[in-house]
Amino acid sequence: MCDLRRPAAGGMMDLAYVCEWEKWSKSSHCPSVPLACAWSCRNLIAFTMDLRSDDQDLTRMIHILDTEHPWDLHSIPSEHHEAITCLEWDQSGSRLLSADADGQIKCWSMADHLANSWESSVGSLVEGDPIVALSWLHNGVKLALHVEKSGASSFGEKFSRVKFSPSLTLFGGKPMEGWIAVTVSGLVTVSLLKPSGQVLTSTESLCRLRGRVALADIAFTGGGNIVVATADGSSTSPVQFYKVCVSVVSEKCRIDTEILPSLFMRCTTDLNRKDKFPAITHLKFLARDMSEQVLLCASSQTSSIVECWSLRKEGLPVNNIFQQISPVVGDKQPTILKWRILSATNDLDRVSAVALPKLPISLTNTDLKVASDTQFYPGLGLALAFHDGSVHIVHRLSLQTMAVFYSSAAPRPVDEPAVKRLRSAGPAVHFKAMQLSWTSLALVGIDSQGKLSMLRLSPSMGHPLEVGLALRHLLFLLEYCMVTGYDWWDILLHVQPSMVQSLVEKLHEEYTRQTAALQQVLSTRILAMKASLCKLSPCTVTRVCDYHTKLFLIAISSTLKSLLRPHFLNTPDKSPGDRLTEICAKITDVDIDKVMINLKTEEFVLDMNTLQALQQLLQWVGDFVLYLLASLPNQQGSLLRPGHSFLRDGTSLGMLRELMVVIRIWGLLKPSCLPVYTATSDTQDSMSLLFRLLTKLWICCRDEGPASEPDEALVDECCLLPSQLLIPSLDWLPASDGLVSRLQPKQPLRLQFGRAPTLPGSAATLQLDGLARLECSSAILAHRNLCLPGSNDSLTSSCPVAGITGISHHTQVFFVFLVQMGFCHVGQAGLELLTSSDPPALASQSDGITGVSHRAGLAVQGALP
C-alpha cells in the first residue's frame with residue numbers, strides 16, 4: 001500500500017496562471033457535466049463549457065485556446081443537443097473529435113489553416129446511445145525515448161521508432177484514418193475516413209451478452225488490434241476487456257470482437273473494505289499504446305482508492321500424467337494471460353480527476369531503472385486531483401507521491417496525511433478535468449467554477465539536480481519536440497534566462513551533427529526553437545528578430561522556387577531551384593546579369609497573372625535587401641542590434657542573392673512585377689546596385705567558420721545608400737504579448753477569458769521595447785507591424801485576429817499570407833529522403849514547413865495531415 005503524503009521538497013509544482021470567466025449580465029458560463037478537456041501536441045487546449053442564458057437555455061460550447069494566450073480563446077457552438085462526454089485530438093493536433101450523450105460524434109478541423117476557425121464536415125451517429133469512450137485509430141507511429149543515450153550524437157540513437165502496426169491500412173500500407181467509440185449500451189462503433197472523403201461506419205456489440213457500460217477506455221496493441229476496457233460502475237462487478245479487430249471487406253467496415261481476461265478490484269476482496277468503495281469512478285489505460293497496464297479508482301462519497309494492474313503471461317502448470325501422454329506439452333509449457341495487481345494506495349480523499357502522461361517512456365523494469373539512474377523524471381508520473389482541491393503527481397506504477405500542489409495558500413505540516421484533513425463547511429473548489437502536456441512539464445485543470453489553471457511541473461520532481469544535468473534533460477526534450485514536430489511551449493516554462501545561451505549553442509551543435517537530409521528537414525524547426533528560447537533572456541533577445549526573418553525568407557524562397565518548372569520533362573534529377581542554388585553559389589560575380597545568363601531562363605516562365613499576384617511579395621524582398629544593406633553601418637558598434645547575426649549568415653545572404661536573380665529574370669517577362677524603388681537618379685539600376693553590395697557582403701560570410709567583418713569600402717558604399725534610394729520602413733521586432741517570457745516563479749498571473757491583460761514586462765520584453773524606440777529614432781524607421789509595401793494596413797491586421805492566430809510569441813502571420821495567396825507548397829523538402837539511421841518517426845510528419853514555428857504551425861500545419 002502507498003500512503004500519499006506531502007514530500008518535503010518544495011518547488012516541484014507551482015501555479016503559472018489562472019484564467020476565469022468574466023461575469024456577464026445576460027448569460028453565464030458554467031462547467032458542463034461531465035466536463036471534457038483535451039491537450040494537443042501543438043499546445044492547443046480544448047474544453048467544454050455550457051453557456052446558460054436568462055431563460056435557462058443551454059448552449060454546448062467547445063472552447064479552444066493557445067497556452068501562450070489563454071485569454072484569447074475561440075468558442076465553437078458545437079450544436080450538440082446533449083452533454084459533450086468526450087474530446088479527443090488527433091496525433092497531428094489539427095483535428096478534434098467531440099462526442100455527446102446522444103451518440104453523436106463530430107470531427108472538427110481547422111478552416112483556412114487557422115486555429116481560430118473550425119468547421120465540422122464529417123461525423124457519425126449511434127442514435128440515442130451515449131458515448132463513454134472515444135479515440136482516433138492508431139497510425140502506427142510510436143517513438144521510443146532512449147534517455148540513457150541522451151548524450152549520443154545522432155537523433156536516430158536518441159529516438160527510435162518502435163515496431164507498431166496501424167489499426168488499419170490502405171493499399172500500399174498507408175494508415176487509414178478514423179475513430180472508434182464505445183457506447184453506454186455496450187456497442188463499439190468504428191468510422192473510417194476514406195481518401196475520397198466518404199465515411200464508412202460500422203457498429204457491433206462488444207459481446208453477446210450486452211450490459212450497461214458506465215466507464216470505458218481504449219488502447220492499442222503493437223499488432224494492430226484494439227483493446228477496450230469497460231466497467232458498469234460497480235466495484236463488485238468485474239472490469240471487462242475486449243480485443244477489437246477492424247477490417248474493410250467489400251468496401252464495408254467489419255468489426256470482430258473477442259473477450260479477454262477480466263479482473264476484480266483488490267479492494268472488493270478485502271473484508272475490511274468490501275463495501276467501503278461501492279463505485280468505480282475512473283478507468284484508464286496508462287497510455288493509448290500500452291494495453292497491458294490499467295489504472296482503476298474506486299470511490300465512496302468521501303474517499304477513494306487507486307489500484308494499478310498489469311496483464312502478464314504466466315505459465316500454466318500441467319499434470320505429469322498429461323506430460324507423459326503428450327511429450328509436446330512437456331517441451332513447451334502452455335501460458336495464459338492474467339491480470340496482476342502492481343500497486344495500490346491507502347484510503348485517499350475522493351478523486352475528482354485523473355491525468356495520464358503522453359511522453360512515451362516505457363514502463364519495463366529496465367527502463368525504469370535507466371530513468372532512475374539518469375534522474376530523468378518527466379513522463380514517469382500521473383496526476384490525481386482530489387475534492388479537497390489538492391493535486392498529487394504519483395509514480396505511474398508504484399503510485400508513490402512525487403509532487404503535491406495545494407490550491408489553498410495555507411501552509412500544512414509536512415507530515416500531515418494528504419487525505420485526513422478537516423473539511424471546510426462548504427465544498428472545496430477542485431479540478432473536474434485535467435490534462436498533462438506532451439512532455440509532462442505542465443498540467444492544465446478546469447475546476448468546479450469553470451476556471452482554468454496552468455501548473456508547472458518541475459523536471460526534477462523535487463530531486464536535487466546539477467545545473468548541467470537539468471540543461472541536458474531540457475535539451476533532450478527540445479530535441480524530442482524538434483524531431484516529432486510537437487510544440488515546446490511547456491518546456492520554455494522551465495528555462496531560466498541564464499540557461500538560454502547554453503541551450504541555443506548546444507541545440508545548434510547537436511543539429512550540425514545530423515545528416516544533411518535531416519538538417520534540411522529540421523532547418524525551420526530549429527530556427528523557430530532558437531527564436532522562442534532567445535526571447536527569454538535580455539542577453540539574446542536581439543537575435544529573435546533575425547531568426548524570425550530567416551523563417552520568413554525560407555518560406556518565401558521555398559514558395560518562389562516551387563513555381564519554377566523544368567523546360568523538358570526528361571530533365572536530370574536536379575530541379576530548377578537546385579540548379580539556381582548551385583549556380584549562384586559557384587558564380588561570385590557582382591554583376592547580376594552575368595549570373596543570370598548562366599541559367600535556363602525558360603524554366604522561369606510563369607503566367608502573367610501569377611507574376612502580377614507576386615508583386616507585393618517581390619517588393620518585400622527588394623525592400624528588405626535595401627533595408628538590410630542600409631543598416632550595415634549601424635551594426636559596427638559594440639551594441640548588438642537586430643540584424644547583427646543575419647548580416648553575418650552566409651546561407652541567408654546567399655538565399656537573398658538567389659531571390660534577387662529570380663526577380664531580375666521575372667522582371668524581363670513582366671516589368672510591372674519588379675520592386676519599385678524611389679531613386680535620386682533616373683538612370684540608376686537599383687537592382688544591380690543592391691546585388692553588387694549584397695554579393696560583396698555574402699563573400700565575407702559564405703565560408704564555414706567565423707564570418708569576417710565587411711571591409712571599410714563596403715561599409716562606406718552602404719552609408720551612401722540613403723542618399724541614393726529611399727530606405728523603406730519594415731517590421732524588425734516580433735510581437736511581445738505572450739506569457740512565457742513574463743511568468744515569474746511563485747507569482748501566478750490572474751487572467752480573464754476574452755480580455756487581453758496588461759502584462760508585467762520582463763527584462764527581455766523591456767529590452768525589445770527599448771530596441772523599438774532605438775530603431776525608430778535612427779535614420780531607418782521600424783514599425784511594430786509587418787507592413788507589406790503598397791498597403792496601408794499591416795499584415796497582422798489583414799489576418800483574422802478574433803481568436804488565436806497572429807498573436808503569439810512567434811510572429812507567423814506571413815505564413816498565413818503565403819497560404820492565403822494560394823502557395824500551399826511551402827518548403828517541399830521531403831521527409832522520405834531520410835536515411836534509415838534517422839528517426840523513422842519523422843516519416844510520419846507531413847512534407848513542407850510543418851513545425852516551422854510552434855505558433856506558425858497554427859497557420860500552415862492545419863492544412864497538412
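Sequence order as written defines residue numbering, which begins from 1 separately in each chain. This being a predicted model, a pLDDT of at least 70 is required before a residue's local features are given, and a value of 80 or more before pairs of side-chain atoms are given or counted; all residues contribute to the totals for chains, interfaces and linings. Values reported for side chains reflect all heavy atoms of the structure, with hydrogen atoms and water molecules removed beforehand.

Caption draft 1: Seen up close, the sheet that holds strand 11 (residues 131-136). By definition, two strands form a pair when at least two bridges between them are found by DSSP. Under the scheme used here, helices are H or I runs from DSSP no shorter than 4 residues and strands are E runs no shorter than 2 residues, and both carry numbers assigned from the N terminus. Overall, antiparallel pairing links the 4 strands, which are arranged 11-14-15-16 in an open sheet. The sheet is open, and its two edges are formed by strand 11 and strand 16 (199-205), each paired on a single side. Adjacent strand axes in the sheet meet at a mean angle of 15° when their direction is disregarded. Between N-to-C directions, angles cover 0 to 180 degrees, with each direction set by a line fitted to C-alpha atoms, over the stretch in contact for helices.

Caption draft 2: Main features of the sheet that holds strand 18 (residues 226-231). Ordered by their spatial adjacency, 4 strands build an open sheet running 17-18-19-20, and the pairing between neighbours is antiparallel. Here the strands that pair on one side only, and so sit at the sheet edges, are strand 17 (215-220) and strand 20 (252-263). If you compare each strand with its neighbour and ignore which way they point, the axes differ by 25° on average. Pairing of strand 17 with strand 18 involves 6 bridges; the strand directions are antiparallel. Along strand 18, the bridge assignment pairs Ala 216 with Thr 230.

Caption draft 3: Region of interest: the nonpolar core. As used here, the term nonpolar core means buried Ala, Val, Leu, Ile, Met, Phe, Trp, Tyr and Cys residues forming a set that is joined through side-chain atoms within 4.5 Å. Three labels apply to residues, based on accessible area from a 1.4 Å probe with only protein chains included: buried if under 20% of the type maximum, exposed if over 50%, partly exposed otherwise in between. Of all hydrophobic cores here, the largest spans 159 residues; its most connected members are Tyr 17, Phe 47, Leu 533 and Trp 666. Counting residues per element, this core draws most heavily on helix 13 (residues 615-630), which supplies 11 residues. Other than its neighbours up to four places away in sequence, Phe 47 contacts Trp 21, Ala 36, Cys 37, Met 61, Ile 62, His 63, Leu 65, Leu 73, Leu 87, Ile 446, Leu 452 and Phe 753. Residues Phe 164, Leu 168, Met 176 and Ile 255 belong to the second largest nonpolar core, which totals 24 residues. Pairs of residues are marked as contacts when any of their non-hydrogen atoms sit within 4.5 Å.

Caption draft 4: Examining the packing of aromatic side chains more closely. Put simply, two rings from Phe, Tyr or Trp (the six-membered ring, in Trp's case) pair if the centres are within 6.5 Å, and we call them stacked under 30 degrees between planes, edge-to-face over 60, tilted for the rest. Counted under the stated rule, the structure contains 15 aromatic pairs. Taking the centre distance of 6.1 Å and the plane angle of 35° together, the rings of Phe 47 and Phe 753 count as tilted. Of this pair, Phe 47 sits in strand 4 (residues 44-53) while Phe 753 sits in the loop between strand 34 (749-752) and helix 18 (763-777), placing them 706 residues apart in sequence. Residue classification places Phe 47 among the buried residues on the basis of a relative accessible area of 0%.

Caption draft 5: Layout of unusual backbone geometry. Its identity as a non-glycine residue notwithstanding, Glu 251 has a phi of 60°, on the positive side. For Glu 251, the position within the fold is in the loop between strand 19 (239-249) and strand 20. Residue Glu 251 is classed as exposed on the basis of its relative accessible area, which comes to 52%. The backbone phi angle of Ser 440 is positive, close to 65°, even though this residue is not glycine. Note that Ser 440 resides in the loop between strand 30 (431-436) and strand 31 (442-447).

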